[in-house]
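# Notes for the structure review
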Amino acid sequence: MKNEAKMVLLLTSLLIMLGVVMIYSASAVYAYQRYADSMYLIKRHMVFLVLGMAAAFFVLKFPARAWAGNSKVILGIFLALLFLVLIPGIGVEAGGARRWMRIFGLGFQPSEGMKIAVILYLADFASRKRYMMNDLFRGFIPPVAVILVSAMLVLAEPDMGTSVAILFIGFTMLFLSGVKIKHIFGIVLPVVPLMVAAVLMKPYRLKRVAIFLDPWRESSGAGFQLVQSFIALGSGGMTGVGLGQSEQKLFFLPEAHTDFIFSIVGEELGFLGSASVIMLFAALIFFIFRIAGSIRDRFASLTVTGIGIMMAFEVSVNAGVSTGLLPTKGLPLPFLSYGGSSFLFHIIAVALVLNMSRQCEGKA
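Residues numbered from 1 in each chain as written. Predicted model: local features only at pLDDT ≥ 70, side-chain atom pairs only at ≥ 80, totals over all residues. Heavy atoms only, no water.

## Focus: the overall build of the protein chain
- For the protein chain, the helix and strand inventory stands at 13 helices and three strands.
- Taking 364 residues into account, the globule formula puts the C-alpha radius of gyration at 21 Å, and the protein chain, at 20 Å, falls close to it.
- Taking the principal axes of its C-alpha atoms as reference, the protein chain extends roughly 55 × 45 × 40 Å.
- For the protein chain, with 364 residues in total, the buried portion stands at 52%.
- In the protein chain, of all internal contacts separated by at least 6 residues, the share reaching a separation of at least 24 is 70%. (Helix = DSSP H or I, 4+ residues; strand = E, 2+ residues; numbered from the N terminus. Rg over C-alpha atoms; globule rule 2.2 N^0.38 Å. Buried < 20%, exposed > 50% of the residue type's maximum accessible area, 1.4 Å probe, protein only. Contact = heavy atoms within 4.5 Å.)

## Digging into the packing of helix α4 (residues 71–85) against helix α5 (residues 110–128)
- Following both chains from N to C, one finds α4 and α5 inclined at 150 degrees, their axes separated by 8 Å at the closest point. Of the possible angle classes, the one that applies to α4 and α5 is roughly antiparallel. Regarding α4 and α5, the two cross each other, and that crossing is left-handed. Note on element contacts: α5 touches α4 through Pro 110, Ser 111, Gly 113, Met 114, Ala 117, Val 118, Leu 120, Tyr 121, Asp 124 and Arg 128, opposite Ser 71, Lys 72, Ile 74, Leu 75, Phe 78, Leu 79, Leu 81, Leu 82 and Val 85.
- Class assignment for the residues of the contact of α4 with α5 results in 13 nonpolar, three polar and three charged. (Axes fitted to C-alpha atoms, helices over the stretch in contact; angles between N-to-C directions. Parallel < 35°, antiparallel > 145°, perpendicular 65-115°, else oblique. Left-handed = near helix turned anticlockwise from the far one by under 90°. Nonpolar A, V, L, I, M, F, W, Y, C, P; charged D, E, K, R; others polar.)

## Description of the side chain of Lys 115
- Mapping Lys 115 onto the fold places it in helix α5.
- Look past the residues within four positions of Lys 115 in its chain and what remains in contact with it is Thr 162, Ala 165, Ile 166, Ile 169, Met 310 and Glu 314.

## Looking at the layout of surface pockets
- Estimated volume of the second largest pocket: approximately 640 Å³.
- Of all the secondary structure elements, the ones that give two or more residues to the lining of the second largest pocket are α2 (40–61), α4, β3 (106–108), α5 and α13 (340–360).
- Residues that form the lining of the second largest pocket fall into these classes: 21 nonpolar, three polar and no charged. (1 Å grid on protein atoms, 1.4 Å probe; cavity = no way out; pocket = protein on both sides within 12 Å on 5 of 7 lines; lining within 4 Å. Points joined across faces, edges and corners; volume = space filled by probe spheres on them.)

## Here's the deal with the sheet that holds strand β2 (residues 97–103)
- Taken in spatial order, the three strands line up as β1-β2-β3 in an open sheet, and their pairing is antiparallel. The open sheet terminates on both sides in strands that have one partner only, identified here as β1 (92–94) and β3. In this sheet, neighbouring strand axes are inclined to one another by 50 degrees on average, regardless of whether the strands run parallel or antiparallel.
- Pairing between β1 and β2: three bridges, direction antiparallel. Looking at the pairing, Ala 94 lines up with Ala 97 of β2.
- Along the sheet, α4 contacts β2 and β3; its crossing angle with β2, the most-contacted strand, is approximately 110 degrees. (Pairing = 2+ DSSP bridges.)

## A word on the nonpolar core
- Met 114, Leu 174, Phe 335, Leu 336, Leu 352 and Met 356 are the most contacted members of the largest nonpolar core, which has 106 residues in total.
- It is helix α12 (residues 298–322) that provides the largest number of residues to this core, a total of 13 residues.
- Once residues within four sequence positions are removed from consideration, Leu 336 is found in contact with Leu 15, Leu 18, Gly 19, Ile 23, Ile 261, Val 265, Val 277 and Phe 281. (Core = buried A, V, L, I, M, F, W, Y, C linked by side-chain atoms within 4.5 Å.)

## A closer look at the environment of Leu 250
- Mapped onto the elements, Leu 250 comes out in the loop between α10 (224–236) and α11 (261–294).
- Taking the C-alpha atoms as reference points, Leu 250 and Ala 349, 99 residues apart in sequence, are found 33 Å from one another.

## Topic: the environment of Arg 98
- Looking at where Arg 98 falls in the secondary structure, it is placed in strand β2.
- If near-sequence neighbours (up to four positions away) are discounted, Arg 98 is found in contact with Val 85, Leu 86, Ile 87, Pro 88, Gly 89, Gly 91, Val 92, Glu 93 and Glu 157.
- A distance of 3.1 Å separates polar atoms of two side chains, one belonging to Arg 98 and the other to Glu 93. (Polar contact = N/O pair within 3.5 Å; in protein donor to acceptor, adjacent residues only side chain to side chain.)

## Concerning the packing of aromatic side chains
- Enumeration over the complete set of coordinates arrives at eight aromatic pairs.
- With 4.8 Å between their ring centres and 25 degrees between their planes, Phe 168 and Phe 313 make a pair best called stacked. Of the two residues, Phe 168 is situated in helix α7 (residues 160–176) and Phe 313 in helix α12; the sequence distance between them amounts to 145 residues.
- Judged by its relative accessible area of 40%, Phe 168 is partly exposed. (Phe/Tyr/Trp six-rings, centres within 6.5 Å; stacked < 30°, edge-to-face > 60°.)

## Some thoughts on α2
- Spanning 22 residues, α2 covers 32 Å between terminal C-alpha atoms, matching the ideal 32 Å at 1.5 Å per step.
- Leu 41, Ile 42, Arg 44, His 45, Phe 48, Leu 49, Gly 52, Ala 55, Ala 56 and Val 59 are the residues of α2 that are buried. Buried residues of α2, viewed axially, fall in a sector of 150 degrees; they line one side. Facing away from the buried surface of α2 by more than 90 degrees, the exposed residues are Val 50, Phe 57 and Lys 61. (Expected span 1.5 Å × (residues − 1). Arc of directions from axis to C-beta.)

## Describing the pairing of β2
- Connecting the antiparallel pair β1 and β2 is a turn made up of two residues, with Gly 95 showing a positive phi of about 65 degrees.
- Of the strand pairs in this sheet, β2 and β3 are connected by three bridges, and their pairing is antiparallel. The residue bridging Arg 102 from the neighbouring strand is Gly 107, located in β3.

## Details of α7
- Its 17 residues place the ends of α7 24 Å apart at the C-alpha level, agreeing with the 24 Å of an ideal helix rising 1.5 Å per residue.
- Across the 17 residues that make up α7, a large majority, 12, are buried.
- By the burial criterion, the buried members of α7 are Met 160, Gly 161, Thr 162, Ser 163, Ala 165, Ile 166, Leu 167, Ile 169, Gly 170, Phe 171, Met 173 and Leu 174.
- The first or second residue beyond α7 is Gly 178, which carries a positive phi of 105 degrees.

What follows is the structure, given as structure tokens:
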């Protein structure tokens, strides 16, 4: 195993271990109040860790090029799941959204797997059509259709955060694959008004944008969550109030163990702890891109690049939301946030990076 791959494995392991500690710290009181078991959520998290390790073993055993050959099948499976999850009785509705399926008592969110499916499909397409990527009809429209259909199905759940993530990952990969910038702008410019319309059509989304600009205006209403996040981060100071000593997790900060776990990290471990977490992610993403740059196989290189883009986008958005730099949007922090499907597919994503590094580095 190359040094970069060893670093990816080490950094991922550190983040997973930190995630176990922080999820238990952030969720214990909430879990006891709701389920009469302070270990309830962390036990479920550990189940997904075991499933993730089993899935990673499977991913590592598969030949790297086999992922290219099966990318269309994988994409088709997740497109079908995204259709199915919208059907009442199959999809599970919670909080006004129908994003989950129930499998053996565990919630499964197809949209998390869709990001990986899109990455694999685009990497395969761009490697097979590498000399056609600047052709509008043969190299641009087919992958764009896949990106837009995937994003719209996720938006229908509704899940605007993951939908935007798919769009960002997809168009960034197309740009890096050699697509003409004018073609990208020709699609992106019309998509922007559609996304704005999607915000305007849902009052809660519009309110999120307004509150982002001045959360203190409704500190006990729509701005409550963001204000509580500020209080958590501010309370932590330089070194934090101590592991397990957060007060904001005591039913003040909603989603403390999921979308806003970074705020709990800042409160309990302080600026030094939260900065260290960002540095761990920065190092992980750096080494993922180093691996992508060292692989000569185009499919493998683009797959690893796509995973790096996904990680960078999610970390930036989650930290940006928690610190008030971006409007509130539900994207989990990889490996640290509680969320079975997200956790599972991020482990699979890292396994794919290690697979591509081990089998394709230095190959033409």
